[in-house]
Amino acid sequence: MRRILVLLLLVIGPVPFAAEAAWACSCGGDGGIAKAQLAFDGVVRSVESGDGLQRVRFAVGTVLKGEAGAEVTLTTSDNEASCGYRFDEGKRYRVYAFSGTTSLCSGNEILAAAPATTAPATTALATTAAAEDPSGTDRTLVFGIGAGLVALFVGFGVTMLVRYPRGRD
């Protein structure tokens, strides 16, 4: 039994270091204007959730690609793990959409909070603020900490097996 446990620890121990982090949302390629049917800068007017989707209504400022009226409504998943992009009312975004949807993989960027006044969207939008990642988390650090803890546990287990061999009864 002791040999099986040592073998198991030696086989499982290196797995966290050899594997890559796996997250539910995995983007297959770059998003952005090249893949978008519609690209625009706009202010979020409303966000409605239901049936696992968010319906986001934008006041369109500048159209970068495609055709759009003064307002556009897009859908996205309501969960970041399913590649849903979280939009906040009143904030200004550069949005890339395909077939009426957008996601974390689309390359959307937050530009700034909308102005306090209710000026028309076409004059109120400027793209001077820096882009910001809406998720704001560094998942690589979490994965590294988890891998370190597994390595520590495996090292402790091997040390205990070597130091305190099983006695005979």
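Since we're looking at a predicted model, the values are computed, not measured. (Residues numbered from 1 in each chain as written. Predicted model: local features only at pLDDT ≥ 70, side-chain atom pairs only at ≥ 80, totals over all residues. Heavy atoms only, no water.)

**Digging into the overall build of the protein chain**
- For the protein chain, the helix and strand inventory stands at 4 helices and 5 strands.
- Sequence-ordered secondary structure for the protein chain, helices as α and strands as β, is α-α-β-β-β-β-β-α-α.
- The 169 residues of the protein chain split such that 28% are buried.
- Looking at the protein chain alone, contacts between residues at least 24 apart form 55% of all its contacts between residues at least 6 apart.
- Accessible surface computed for the protein chain: about 10900 Å², of which carbon and sulfur atoms make up 58%. (Helix = DSSP H or I, 4+ residues; strand = E, 2+ residues; numbered from the N terminus. Buried < 20%, exposed > 50% of the residue type's maximum accessible area, 1.4 Å probe, protein only. Contact = heavy atoms within 4.5 Å. Areas by Shrake-Rupley, 256 points an atom, 1.4 Å probe, with all protein chains shown as cover.)

**Details of the nonpolar core**
- Counting residues in hydrophobic clusters, the biggest one holds 14 residues, and the most contacted among them are Phe40, Phe58, Leu74, Phe87, Tyr93 and Val95.
- Elements with a minimum of two residues in this core: strand S1 (38–50), strand S2 (53–65), strand S3 (71–77) and strand S4 (91–97). (Core = buried A, V, L, I, M, F, W, Y, C linked by side-chain atoms within 4.5 Å.)

**Quick notes on the pairing of S3**
- Pairing of S2 with S3 involves 7 bridges; the strand directions are antiparallel. Along S3, the bridge assignment pairs Gln54 with Thr76.
- If you look at the hairpin formed by S2 and S3, you'll find 5 residues sitting between the two strands, and Gly66 has a positive phi there, around 85°. (Pairing = 2+ DSSP bridges.)

**Let's talk about the packing of aromatic side chains**
- As enumerated under the stated definition, the model contains 5 aromatic pairs in all.
- Each ring, one from Phe40 and one from Phe58, has its centre 5.3 Å from the other, and the planes form 75°; the classification is edge-to-face. Taken together, the residues span a long stretch of sequence, with Phe40 in strand S1 and Phe58 in strand S2 at a distance of 18 residues. For the residue pair Phe40 and Phe58, the accessibility class agrees, reading buried in each case.
- On the numbers, 4.6 Å between centres and 50° between planes, the contact of Tyr85 with Phe87 is tilted. Here Tyr85 and Phe87 have matching classes, each one buried.
- Linked through ring pairs, Phe40, Phe58, Tyr85, Phe87 and Tyr93 together constitute an aromatic cluster. (Phe/Tyr/Trp six-rings, centres within 6.5 Å; stacked < 30°, edge-to-face > 60°.)

**Thoughts on the pattern of salt bridges**
- One pass over the structure, following the stated rule, counts 4 salt bridges.
- Put simply, Arg94 and Asp41 hold a salt bridge, and the shortest N to O gap is 2.8 Å. Linking Arg94 in strand S4 with Asp41 in strand S1, this pair joins segments that are 53 residues apart in sequence.
- The closest approach of N and O atoms between Glu71 and Arg57, which form a salt bridge, is 2.9 Å. (Salt bridge = Lys/Arg side-chain N within 4 Å of Asp/Glu carboxyl O.)

**Quick word on the pairing of S2**
- Summarising the sheet, S1 and S2 pair through 11 bridges and their orientation is antiparallel. Following the sheet pairing, Ser46 is matched in S2 by Arg57.

**A short note on the side chain of Ser77**
- By the element assignment, Ser77 lies in strand S3.
- Reaching out from Ser77, the side chain makes a polar contact with the backbone nitrogen of Asn79 at a distance of 3.3 Å.
- The residues contacting Ser77, other than those within four sequence positions of it, are Gly52, Leu53, Gln54, Ser82, Gly84 and Tyr85. (Polar contact = N/O pair within 3.5 Å; in protein donor to acceptor, adjacent residues only side chain to side chain.)

**A short note on the environment of Ile110**
- Position of Ile110 relative to the elements: it lies in strand S5 (residues 109–113).
- Since its relative accessible area comes to 11%, Ile110 is described here as buried.
- Remark: the alpha-carbon pair of Ile110 and Arg94, spanning 16 residues in sequence, is separated by 6.3 Å.

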